[in-house]
Amino acid sequence: MGDKSTPLLAVLQLLRKYNLKGTEDILRKEANLGDVEYENLDLPEVELANILTAHHTESDPYSYEFAYDSLKKFVENSLDVYKYELSTLLYPVFVHMYLILILYDHNEHAIKILEKFGPEQDEYYQDDLKRLCAVKNKDQVKGNELAEIYSSNKFQVQLSRDASTQLKRYLHEQKSSPIIINIIKNHIQIDVCDGPGRSHAQVKSTLGGLLGEASRNENRTKVYYGLLKEPDLQILPAQIEDEEEAEETPDKPKKKKAKKDNIFMKKPKSDPNAPPNDRIPLPDLKENDKVEKGKALREAAKRVQLGPECLPSICFYTLLNSGHTAICADICDDSTLLAVGFNNSTIKVWTLTTVRLRGMKSADKLQDIDREAGDVLVRMMEEKDRETCRTLFGHSGPVYKVSFDPFKTMLLSCSEDSTIRLWSLQCWTCIVVYRGHVWPVWDTRWSPHGHYFASGGHDRIARLWATDHHQPLRIFAGHLSDIDCIQFHPNSNYIATGSSDRTVRLWDCLTGTQVRIMTGHRSTPFTLAFSACGRWLASGGGAGEIQIWDLSSGLPSAAIPPASNSPIHALAFSRDGTILASGSLDSTIKLWDFAIISDENINEENGNAAPTQKEDKFLLRSYATKNSPIKSLHFTRRNLLLAVGSYDGSV
Amino acid sequence: MSDSELGYGSSFTVDSVKVIAESVGIGNLVDDAAKELADDVSYRLKIIVQDAMKFMQHSKRQKLSITDIDHALKVQNIEPQYGFIQPDSLPFRFASGGGRELHFIEEKDIDLSEILSAPPPKIPLDVSLRAHWLSVDGVQPTVPENPPPLSKEAQKLESVDPITKLSKPANKDAAGKPVCGKAARLKASESVHVKQLATHELSVEQQLYYKEITEACVGSDEGRRAEALQSLACDPGLHEMLPRMCTFISEGVKVNVVQNNLALLIYLMRMVKAMLDNQSLYLEKYLHELIPSVSTCIVARQLCMRPEVDNHWALRDFAARLMAQICKTFNTSTNNLQTRVTRLFSKALQCPSQTNNESGPSMVPSMKESEKTPLASLYGAVQGLAELGPEVVKVFILSRVRWLGERVEGALSGIGGADRLAAGNLKHQLLKVLAPVVRAHRQPPDLPDDYKREYGYLGPSLQQMVSKLRSSPTGGNAGGAVAVVTCTPPLLPSPSPAPGPSLAPAPAPAPSPSPASVTIQHTSQAHAKTIESVASRNVVITSSAPQSPAPSTPPPQKFVIVSSQQKNQTQPASSAGHIVMHSSQPTIVRSQNAPVSVVAKPVFARSGSAQQPPPELDDLSHLA
């Protein structure tokens with residue numbers, strides 16, 4: 001068997017690495033190795049270590065089963081204080097045993113061990129195991145996504161100091177069978193932290209990531225999760241308001257003024273957690289945008305305060321005759337436009353008000369317009385257009401996400417064809433095609449302040465773009481699997497990404513580094529939403545669970561268990577941050593009391609924060625639709641909930 | 001997790017690889033090669049499917065489609081598979097032979113020229129947007145766009161097994177119909193819950209709705225009536241009002257049949273039709289009120305003021321169709337609905353000789369009465385049976401055709417315009433109903449003499465019809481009722497308590513349409529024993545069979561079983577009782593078969609005035 005030479009080659013490579021020429025030559029002669037093999041000597045570091053350390057156990061596949069059994073017994077017999085922490089070791093050891101057995105051609109033993117111990121692994125690992133068990137011989141290990149992730153990364157396990165001492169003692173006893181020692185040494189990163197062992201619930205809350213938990217050190221950086229001050233608006237909208245007031249209610253301006261001031265004063269003068277306003281350069285507001293902002297603030301003044309006593313009304317937009325063709329939907333910030341991305345690479349934009357979708361006039365007509373006129377933006381639009389729906393063509397694959405910019409002049413879309421397109425909502429054409437992603441782009445989002453946008457996709461890399469650059473400004477690499485969802489922080493300084501490796505990460509736009517890595521999701525997160533205050537991040541998973549993360553610590557602060565197995569594809573916080581709405585593929589919209597969730601966490605901050613898992617405590621209401629899976633949720637500025645779903649008649 | 005165990009290591013078998021190899025022309029694949037191939041192919045397929053899952057998930061679907069596979073292949077730099085379409089289901093066929101078993105998908109050859117010559121397929125409808133309120137201030141409105149607050153399955157479950165309702169915790173939120181306003185505030189402050197006394201308490205809006213709908217349905221404005229019926233037929237969330245609606249209908253029929261107000265009866269039947277058509281309602285609980293009403297409209301002796309002019313035949317036809325629809329929808333092995341209905345009609349057709357044999361001597365006095373079963377009722381019974389299918393016609397009408405013929409003959413030759421008209425109608429109807437059955441039943445040589453001998457008076461005409469049918473090419477379908485419902489001949493009285501004609505509900509306490517005054521059938525059962533026939537023939541149908549205790553399935557409190565144990569019981573099996581009516585005045589006790597005239601109070605102010613306009617023609621056009 002030619003494979004016999006693999007360990008020899010490994011030794012040769014090791015000798016060469018340490019520059020032991022003489023020994024190398026002798027060994028080469030003795031082993032009678034061909035030149036070709038010798039020349040091609042280039043084993044990856046990890047594999048090399050693998051081969052060398054595991055070499056002598058290679059002959060005895062039976063010992064693996066025994067070793068795993070012994071480790072399991074050790075975990076079960078240890079004290080409760082350490083038990084749960086130590087039990088997190090079982091899964092990575094098990095996976096690597098399987099991979100090593102496959103690597104050394106003991107396929108039957110590998111399958112045997114999988115069948116024996118596989119079902120007893122935690123439920124959220126079962127999907128991974130199913131994917132892994134497709135790998136049945138060592139040729140398949142190379143090139144298999146999951147096996148490569150496991151063999152080229154270390155699995156993170158957090159142990160308290162006492163638990164790790166226990167483990168060391170145990171490993172010391174096991175000296176005669178070094179299988180587990182080797183695996184732990186090579187593939188598992190043990191993060192020892194001081195303090196008492198964690199309880200079952202605590203351990204469980206952060207488990208579930210593809211490669212175990214986040215290490216504590218990674219979440220040390222301070223995150224400025226506060227909101228930006230909005231200085232320019234303190235002057236500007238007031239003046240607009242005055243005009244309005246003069247028109248609308250000339251009789252009692254005083255009362256209104258007082259009220260309005262409250263709204264503008266509401267933002268704390270100096271939020272200690274807010275980043276400096278110029279941390280990220282933000283574009284200056286254009287005249288038009290300012291008007292838009294002013295309008296937004298005025299609308300916000302009429303906002304309904306929501307709470308368990310006062311639930312929002314929901315307006316549901318059903319897409320008829322769309323079947324499975326509609327994929328994604330977005331409603332613009334002032335709730336006047338709805339965009340839907342379709343399977344057949346088109347995008348449709350509907351107007352939700354009586355305002356028609358007007359295009360721009362033709363070039364020669366535009367020449368006649370006085371460019372200095374105040375209403376030039378209105379004048380340049382074609383008056384004759386009466387469309388209520390417009391279709392945008394350009395992509396060559398399913399459109400996975402559409403997103404309106406905050407000022408309603410542009411639309412972003414990303415697609416299977418690995419491009420991101422920027423569309424103008426004035427001339428209704430594609431303006432820019434952003435290329436950079438290699439594979440399908442799953443999600444793209446605007447920054448809340450415009451100008452920037454972020455995208456992530458199958459190539460596991462998130463990118464930060466500015467509309468005026470055709471190259472990304474930042475590249476965020478680190479996820480181990482597809483980036484399925486992405487979201488901008490309300491202060492535009494951070495980007496959150498959720499990935500198929502079941503982690504949610506927070507990236508700093510300024511430095512391009514990862515500042516938070518959050519584990520605890522049991523399935524792929526498909527949607528992310530920041531709370532209105534910027535401190536909390538909610539993510540909805542493929543198995544229907546919702547996780548709430550505290551950005552200040554990077555720890556999960558609440559986990560809402562799934563009501564059904566259908567994935568959640570839409571999350572939205574009400575504008576006042578008291579209600580979280582979730583929409584799922586099982587055609588229900590659920591409202592959660594977010595005030596309780598956040599209050600509890602703030603109260604618990606001093607003590608030991610154990611995430612709460614009581615579903616009914618948070619659930620306010622559940623609304624079923626008629627076979628219309630929810631594609632998107634959006635709170636209007638007055639806190640009316642808009643939902644979009646496509647009617648699925650076939651069910 | 002058993003399915004996960006299944007998941008580990010499933011792969012192609014060597015056999016299937018060999019079969020596939022054969023299908024592409026490789027006959028002699030060695031086992032080792034097949035094994036290698038099987039492993040490799042399984043691995044590759046799994047990887048592709050795993051990738052395709054991602055595309056499915058991002059398309060926000062829960063069903064893998066062919067495009068997902070294509071995209072997954074594209075991601076792996078493999079040429080996509082062209083030319084596959086995705087039908088809704090893939091039926092696997094099974095074939096075995098020569099010791100081998102095979103599952104395959106049947107693919108038929110497609111004739112291209114056929115496709116080319118066929119008209120182009122319809123353009124699919126364009127995507128459109130529609131908005132509705134899913135919730136208003138936290139409460140889900142019951143509009144057709146929203147799912148009904150109580151699904152049909154839940155209503156069914158509740159009617160079959162009411163215990164589930166008790167065992168279910170009063171779930172606040174999940175039902176989508178939340179506690180709101182005061183109740184919610186009470187809940188929030190953790191105060192004491194007061195259990196509601198009535199299970200069905202209509203909100204003010206619902207009461208208004210009830211009032212509007214009932215007024216519109218029996219009012220004179222045809223436009224409003226159409227709207228009201230449309231609402232009854234489509235709106236979800238009416239189930240809370242059902243008891244009232246059903247009582248309204250049954251009371252209305254009782255009164256108006258006495259007053260011979262054809263128009264109102266038609267309107268009421270249209271209400272029944274609308275409710276039956278409503279997809280979100282489950283009516284089984286209320287059949288005990290609906291069936292007597294509907295059957296009254298089929299077989300009542302007189303339904304209108306001027307039988308010789310008014311077209312009460314259309315009402316009978318319409319009601320008969322309704323009855324068939326009810327039977328089709330609600331017949332189960334426990335309630336034997338169709339059997340009971342069939343028996344009801346067949347009794348009306350019973351000819352004296354038969355009744356004589358079946359029942360004892362006590363029958364004799366009533367025999368003459370039954371002989372005089374009005375022709376209109378006979379017509380109704382024939383029509384009712386005809387709607388239940390050809391098998392029923394064969395068993396119940398054909399066997400009595402001779403006697404029916406005599407009645408028709410007698411009436412036609414007699415005097416009295418109304419009777420002659422009725423006899424003509426009955427004859428026409430009999431011929432229409434019987435011809436297809438006879439045609440299927442008899443072999444071709446149709447000799448007038450044979451027919452005459454076998455079918456009596458109607459024989460010759462029947463022969464003409466049949467031979468006409470045979471000669472016409474589309475004759476096969478002329479019968480109208482083309483064998484949908486078959487029924488077991490209900491020769492034995494069934495003892496099971498179910499909503500049938502032999503069952504009577506507890507009477508509603510007050511014949512008033514006001515919703516508050518109507519209670520549901522859980523009230524006293526004692527009153528139920530009196531059943532009155534309002535039409536002057538006054539014969540009562542009750543089940544004479546001794547009532548055994550109910551079989552376990554249907555909840556006993558739902559229906560009141562009329563088990564009259566009185567000695568002087570009339571002989572229901574023999575009496576040609578054609579009308580089942582329940583008096584709204586239970587105090588009137590039937591006296592020994594003697595004619596009793598029941599004066600029912602007018603239910604509606606409007607109907608009391610008896611100034612109801614005669615049914616307009618367009619009413620009848622609806623019925624047809």
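Residues numbered from 1 in each chain as written. Chains lettered and ligands numbered in written order. Predicted model: local features only at pLDDT ≥ 70, side-chain atom pairs only at ≥ 80, totals over all residues. Heavy atoms only, no water.

Caption draft 1: The sheet that holds strand 3 (residues 314–320) of chain A, seen in detail. Spatially, four strands are ordered 28(A)-29(A)-3(A)-3(B) in an open sheet, and the strand pairing comes out mixed. Every interior strand has two partners, whereas the edge strands, strand 28 (630–635) of chain A together with strand 3 (128–135) of chain B, have only one. Neighbour-to-neighbour, the strand axes of the sheet open up by a mean angle of 20 degrees, direction not taken into account. Pairing analysis gives six bridges linking strand 3 of chain A to strand 29 (residues 641–646) of chain A, with the strands arranged parallel. Paired with F316 of chain A across the two strands is A643 of chain A, which belongs to strand 29 of chain A. (Pairing = 2+ DSSP bridges. Helix = DSSP H or I, 4+ residues; strand = E, 2+ residues; numbered from the N terminus. Axes fitted to C-alpha atoms, helices over the stretch in contact; angles between N-to-C directions.)

Caption draft 2: Inspection of unusual backbone geometry at higher detail. At S345 of chain A, a position not held by glycine, the phi torsion is positive, near 65 degrees. Position of S345 of chain A relative to the elements: it lies in the loop between strand 5 (337–342) and strand 6 (347–351). Accessibility expressed as a relative area gives 16% for S345 of chain A, which makes it buried. Positive phi outside glycine occurs at D137 of chain B, with the angle close to 50 degrees. Along the chain, D137 of chain B turns up in the loop between strand 3 and helix 6 (152–160). (Buried < 20%, exposed > 50% of the residue type's maximum accessible area, 1.4 Å probe, protein only.)

Caption draft 3: Seen up close, the sheet that holds strand 13 (residues 452–457) of chain A. All names here are of chain A. Across the sheet, which stays open at both edges, the four strands sit in the order 12-13-14-15 with antiparallel pairing between neighbours. The sheet is open, and its two borders are formed by strand 12 (441–446) and strand 15 (474–477), each paired with just one other strand. In this sheet, neighbouring strand axes are inclined to one another by 15 degrees on average, regardless of whether the strands run parallel or antiparallel. In this structure, strand 12 lies alongside strand 13, joined through five bridges in antiparallel fashion. Bridge pairing links T444 to S455 in strand 13.

Caption draft 4: Inspection of the packing of helix 14 (residues 312–330) of chain B against helix 18 (residues 375–387) of chain B at higher detail. Residue and element names in this part refer to chain B. Taken N-terminus to C-terminus, the directions of helix 14 and helix 18 make an angle of 35 degrees; their axes are 8 Å apart at the nearest point. The two elements helix 14 and helix 18 cross, and the hand of that crossing is right-handed. Contact residues: helix 14 offers H312, W313, R316, D317, A320, R321 and A324, while helix 18 offers A376, S377, Y379, G380, Q383, G384 and E387. Residue composition of the contact of helix 14 with helix 18, grouped by class: five nonpolar, five polar and four charged. (Left-handed = near helix turned anticlockwise from the far one by under 90°. Contact = heavy atoms within 4.5 Å. Nonpolar A, V, L, I, M, F, W, Y, C, P; charged D, E, K, R; others polar.)

Caption draft 5: Geometry of the state of the cysteines. Using the criterion set out here, one finds zero disulfides over all chains in the structure. Of all cysteine sulfurs, the one in C427 of chain A lies closest to C430 of chain A, which takes part in no disulfide; the gap is 10.0 Å. (Disulfide = S-S within 2.5 Å.)

Caption draft 6: A look at the UniProt feature "repeat: WD" (unreviewed entry) in chain A. Residues and elements named next belong to chain A. Feature annotation in UniProt places "repeat: WD" (unreviewed entry) on residues 392–426, 434–475, 476–517, 518–559 and 561–593, given in this structure's numbering. Helix makes up 0% of residues 392–426 and strand 54%, whereas the separation of the span's terminal C-alpha atoms amounts to 12 Å. Taken end to end, residues 561–593 has its terminal C-alpha atoms 15 Å apart, with 0% of it in helix and 55% in strand. (UniProt positions renumbered as here; feature names shortened; annotations may be inferred.)

Caption draft 7: Layout of the packing of helix 22 (residues 448–455) of chain B against helix 23 (residues 459–471) of chain B. Residue and element names in this part refer to chain B. In the contact formed by helix 22 and helix 23, the axes pass within 7 Å of each other and the chain directions differ by 130 degrees. By the angle class used here, helix 22 and helix 23 are oblique. Regarding helix 22 and helix 23, the two cross each other, and that crossing is right-handed. In this structure, helix 22 contributes P448, Y451, K452 and Y455 to the contact, and helix 23 contributes G459, P460, L462, Q463 and V466. Class assignment of the residues belonging to the contact of helix 22 with helix 23 gives a composition of six nonpolar, two polar and one charged. (Parallel < 35°, antiparallel > 145°, perpendicular 65-115°, else oblique.)

Caption draft 8: Representation of the nonpolar core within the structure. Judged by nonpolar contacts, the single largest core of 97 residues is most densely connected at L232, M269 and I397 of chain B. The biggest single contributor to this core is helix 12 (residues 262–277) of chain B, with 13 residues. Residues contacting L232 of chain B, with those up to four places away along its chain left out, are Y209, I213, C217, L238, M245, M271, A274, M275 and N278 of chain B. Among the nonpolar cores identified, the runner-up in size contains 57 residues, and L99, Y125, L129 and I180 of chain A belong to it. (Core = buried A, V, L, I, M, F, W, Y, C linked by side-chain atoms within 4.5 Å.)

Caption draft 9: Region of interest: the pattern of salt bridges. Going through the model one piece at a time under the given rule, you end up with 34 salt bridges over all chains. In this structure, K54 of chain B and E145 of chain A form a salt bridge, with 3.6 Å as the shortest nitrogen-oxygen distance. One end of the pair, K54 of chain B, is in helix 3 (residues 31–58); the other, E145 of chain A, is in helix 11 (residues 145–152), on a second chain. Of the charged contacts in the structure, one is a salt bridge between D443 of chain A and R445 of chain A, with a shortest N-O distance of 3.6 Å. Look at D443 of chain A and you get buried, because its relative accessible area is 4%. Residues joined in a network through salt bridges with shared partners are D128, R131, E145, R460, D482 and R502 of chain A together with K54 of chain B. (Salt bridge = Lys/Arg side-chain N within 4 Å of Asp/Glu carboxyl O.)

Caption draft 10: Spatial organisation of the interface of chain B and chain A. The partner chain A presents 67 residues to the 53 residues of chain B that form the contact. Summed over both sides, the interface between chain B and chain A buries roughly 5300 Å², with carbon and sulfur atoms accounting for 58% of that surface. Counting every contact that joins chain B to chain A gives four salt bridges. Across the salt bridge formed by K54 of chain B and D482 of chain A, the nearest N and O atoms sit 2.8 Å from each other. At the boundary of chain B and chain A, one finds 18 residue pairs in polar contact (both at pLDDT 80 or more). When contributions to the side of chain B that touches chain A are tallied by element, the ones reaching two or more residues are helix 1 (2–7), helix 3, helix 4 (66–75), strand 3 and helix 8 (181–188) of chain B. Considered class by class, the residues forming the side of chain B that touches chain A number 20 nonpolar, 17 polar and 16 charged. (Buried area = accessible area lost by both parts, 1.4 Å probe. Polar contact = N/O pair within 3.5 Å; in protein donor to acceptor, adjacent residues only side chain to side chain.)

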